Amino acid sequence: MEYGVLLHFLPRDCTGLRLWDGGAPQAQYHHRHFFFYGRHRAPSLPCVASASSFSDCQPVRLEQKRRVASTRPEAAFPWGCDVESLESGQILQEWLSSQGLPPQKMELQRVEAGGRGLVAQRKLRKGERLLYVPSSLIITTQSEWSSPKAGNVLQENGVPEWPQLASFLISEASQGKNSPWSSYIAALPQQPRSILQWTALDVDTYLAGSSIKDRALECIKDVNYTYHDLQERIFSRYPELFPSKVRLPSAGQQLALVPWADMLNHSTEVNAFLDVEASSKTVILELDRAYEKGEQVLISYGKRSNAELLLSYGFIPAGPNTNDFVEVEAELDPRDEMFTAKLDALQAHGLSSPQRFPVKLTGLPMQLLAFARLAVSTSMQTQYYSQMAIAATEKGLASNKQQWDFDLEDKIKAFQFILTICEASISNLTRFLKGKEDLLGDDIIHRGTAAEIGRQPKAELAVALCNSERTILYRAQHVLRMELLELRAKKSGSRLGSKLNPPSFGPLEKIGNLFGVK
């Protein structure tokens, strides 16, 4: 089995127990088998349950007719189904029902995007609770393995939860019908479209124009490192316990797989997330809107940009995504006589040059504004370098109440600094898109659709991502140019100085006020 199958379920960028936010109904949605997090954290990945949420539940042996295997299972064992398969999903639901899943108000059907999804069997009210997946049907690192020794070896060697869960699936899949989880494994998609299945050449080819190229390469590198580490430390030492073709992702929190809930598809317009109901210790979904009979019930994978959705799940929503942003890279000019002093100020507060900042449709980050102010400052303003560097950090602006001397000419330089960054990024994206015209044709380049299945799905995804990033940058470019026109008009009539309050996050239309421009 190749690692991409498991990476579909085990994205590596999750860093904590998280609840969901973000969301939406009518944009394009996509099915992913996923995870659900516990309470009171920022969002990351959908459908992962904290194993600690069920820590006081005793392990339950699932009923299953077992055959005695006289030989070691073959390494190349069967796995999953076609992403549009309803039969395997129906078999899964029947098995889950026999193991304690209560009657459901949703049924599995084929849907326009995502292959298959859960559809309302009757009218559903806003606030209605669904699913109620019992803890006995949730896979955690404490779940009973068909090969107990394999689970013990991983735990004794301190393997993190993500690789443990992936190894559990592989181990159970290698048991075939002998595994109590065989119905669940058979319902997982054989060919997930994860960016972690891309080669480094794919990333260089298709993400050359995007701001996430380096992050994608890092993801692939981390996955390969984790696999080779586990192969050397564990798999090669216990070949009788682990199938030979295994590649695993890594992360670091205690998580759980939630069968049936992972049939829910994502939309950028909903705001519904899974949770654990304390009284019943079941995984539930509380609806944030009403649904008609036959309408697909949707869930949010969290407030993620298009780039983050591509990295974690291998798709880009076709509809608007209010959480979308593009990262831009800002750096000090090494020819600046104060370069060393400015760099020292940044490094003293955990920053560097270059430094990346997110630009959203709704505004520029305050940290980028502070970095720009530092970058254009003069040798006469060295006493403010540290304050500016602090303001460029995640937490600095909230506590930094100082004011800096900032005349009109400095404001113009700071705006121009940011504008130059945005325009350079636009140029890179435009060059990339022009280079793909022969590959995809003008229609796809200008339409920017992200087809799930197509003649060149990787290229189409890359084009869709670049178009969404360019849209954000074009908006920023327009507003910055308008602000600069206004500032230069003021300069021609007055050279009076003013004070700049530390910038705060806000709409691009208000960017002038962020710099104290009245």
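It should be noted that the structure appears before, not after, this text.
Note that the structure is a prediction, hence the values are computed from the model and not measured.

Quick word on the overall build of the chain
- Each helix and strand counted, the chain has 17 helices and twelve strands in total.
- Nonlocal contacts in the chain, meaning residues at least 24 apart in sequence, comprise 76% of its contacts between residues at least 6 apart.
- When the accessible area of the chain is evaluated, it comes to approximately 22,500 Å², of which 49% is carbon and sulfur surface.

Here's the deal with helix α4 (residues 161-174)
- Along its 14 residues, α4 runs 20 Å from first to last C-alpha, staying within 8% of the 20 Å computed at 1.5 Å per residue.
- Most of α4 sits out of view: 14 of its 14 residues are buried.
- Positioned one or two residues after α4, Gly176 has a phi angle of 60 degrees, which is positive.

Re the pairing of strand β6 (residues 274-277)
- The alternating pattern of β6 places Leu274 and Val276 on one face and Asp275 and Glu277 on the opposite face, and all of these are buried.
- Count of turn residues in the β6/strand β7 (residues 282-286) antiparallel hairpin: four residues, of which Lys281 carries a positive phi of about 55 degrees.

Thoughts on the packing of helix α8 (residues 306-313) against helix α16 (residues 457-493)
- One can describe the packing of α8 onto α16 by two numbers: an axis separation of 10 Å at closest approach and a directional angle of 155 degrees. Considered as vectors, α8 and α16 are oriented roughly antiparallel to each other. Only Leu461, Leu465, Ser468 and Glu469 of α16 make contact with α8, whose side of the interface consists of Asn306, Ala307 and Leu310.
- Grouping the amino acids of the contact of α8 with α16 by side-chain chemistry returns four nonpolar, two polar and one charged.

Focus on the nonpolar core
- The biggest cluster of nonpolar side chains holds 67 residues, and the ones touching the most others in it are Leu207, Phe417 and Ile418.
- Aside from chain neighbours lying at most four places away, what touches Leu207 is Ile195, Trp198, Asp202, Ile212, Lys213, Ala216, Leu310, Ala462 and Leu465.
- Within the second largest apolar cluster, 58 residues are counted, among which are Ile138, Val159, Leu274 and Ile299.

Considerations on the packing of aromatic side chains
- In this structure the tally under the stated criterion is nine aromatic pairs.
- Their ring planes at 85 degrees and their centres at 5.3 Å tell us that Trp145 and Phe168 sit as a pair that is edge-to-face. Taken together, the residues span a long stretch of sequence, with Trp145 in the loop between β4 (129-134) and α3 (148-156) and Phe168 in helix α4 at a distance of 23 residues.
- Measuring from ring centre to ring centre gives 6.3 Å for Tyr301 and Phe315, while their planes differ by 75 degrees; the resulting arrangement is edge-to-face. Taken as a pair, Tyr301 in the loop between β8 (298-299) and α8 and Phe315 in the loop between α8 and β9 (325-330) lie far apart in primary sequence, 14 residues in all. For the pair Tyr301 and Phe315, a shared accessibility class is recorded, and that class is buried.
- Put simply, the rings of Trp95, Trp145, Phe168 and Trp181 pair up and form one aromatic cluster.

Focus on the sheet that holds β7
- The strand order across the open sheet formed by three strands is β4-β7-β6, and the pairing between neighbours is antiparallel. Taken across any chain shown, the strands that pair with only one partner, and hence form the sheet edges, are β4 and β6. If you compare each strand with its neighbour and ignore which way they point, the axes differ by 30 degrees on average.
- When β4 meets β7, the two strands line up antiparallel, connected through five bridges. When the sheet's bridge partners are listed, Arg129 is paired in β7 with Glu286.

Quick notes on the pattern of salt bridges
- Tallying each qualifying case throughout the model produces 16 salt bridges.
- For Lys105, the salt bridge goes to Glu128, with nearest N and O atoms at 2.8 Å. Residue Lys105 is found in the loop between α2 (87-98) and β2 (106-110), and its partner Glu128 is found in the loop between β3 (116-120) and β4; the two are separated by 23 residues along the sequence.
- Among the residues examined, Glu128 registers a relative accessible area of 4% and is labelled buried.
- One salt bridge in this structure joins Lys213 and Asp204, with 3.2 Å as the shortest N-O distance.
- On the basis of relative accessibility, which here comes to 24%, the residue Lys213 falls in the partly exposed class.
- A relative accessible area of 36% means that Asp204 is categorised as partly exposed.

What about helix α10 (residues 366-376)?
- Most of α10 sits inside the fold, with ten of its eleven residues counted as buried.
- Within the span of α10, buried status applies to Gln367, Leu368, Leu369, Ala370, Phe371, Ala372, Arg373, Leu374, Ala375 and Val376.

Procedures and definitions
- Each residue is numbered by its place in its chain's sequence as written, counting from 1.
- In view of the model being predicted, local features appear only for residues whose pLDDT reaches at least 70, and side-chain atom pairs are presented and counted only at 80 or more, with totals across whole chains, interfaces and linings using the full set of residues.
- To get the side-chain values, all heavy atoms of the structure are used, and hydrogens and water are removed first.
- A run of H or I in DSSP becomes a helix once it reaches four residues, and a run of E becomes a strand once it reaches two; helices and strands are each numbered from the N terminus.
- Two residues form a contact once any of their heavy atoms are found within 4.5 Å.
- For accessible areas, the Shrake-Rupley method is used with a probe of radius 1.4 Å. Any residue's cover is judged against the shown protein chains and nothing else.
- Helix span is expected to be 1.5 Å times the residue number reduced by one.
- Burial status follows relative accessibility: with a 1.4 Å probe on protein chains alone, a residue under 20% of its type maximum counts as buried, one over 50% as exposed, and anything between as partly exposed.
- In short, DSSP must find at least two bridges between two strands for them to pair.
- A fitted line through C-alpha atoms represents every axis, and for helices the fit uses only the stretch in contact; the resulting angles, taken between N-to-C directions, go from 0 to 180 degrees.
- Angles are sorted into four bins: roughly parallel if under 35 degrees, roughly antiparallel if over 145, roughly perpendicular if 65 to 115, and oblique for all others.
- Each residue gets one of three labels, nonpolar for Ala, Val, Leu, Ile, Met, Phe, Trp, Tyr, Cys and Pro, charged for Asp, Glu, Lys and Arg, and polar for the others, Gly among them.
- Put simply, a nonpolar core is a bunch of buried Ala, Val, Leu, Ile, Met, Phe, Trp, Tyr and Cys residues held in one set by side-chain atoms that sit within 4.5 Å of each other.
- Ring geometry is summarised as follows: Phe, Tyr and Trp rings, the Trp one being its six-membered ring, pair when their centres sit within 6.5 Å, and such pairs are stacked at plane angles under 30 degrees, edge-to-face over 60 and tilted between the two.
- Salt bridges are defined by distance alone: a side-chain nitrogen of Lys or Arg within 4 Å of a carboxyl oxygen of Asp or Glu.

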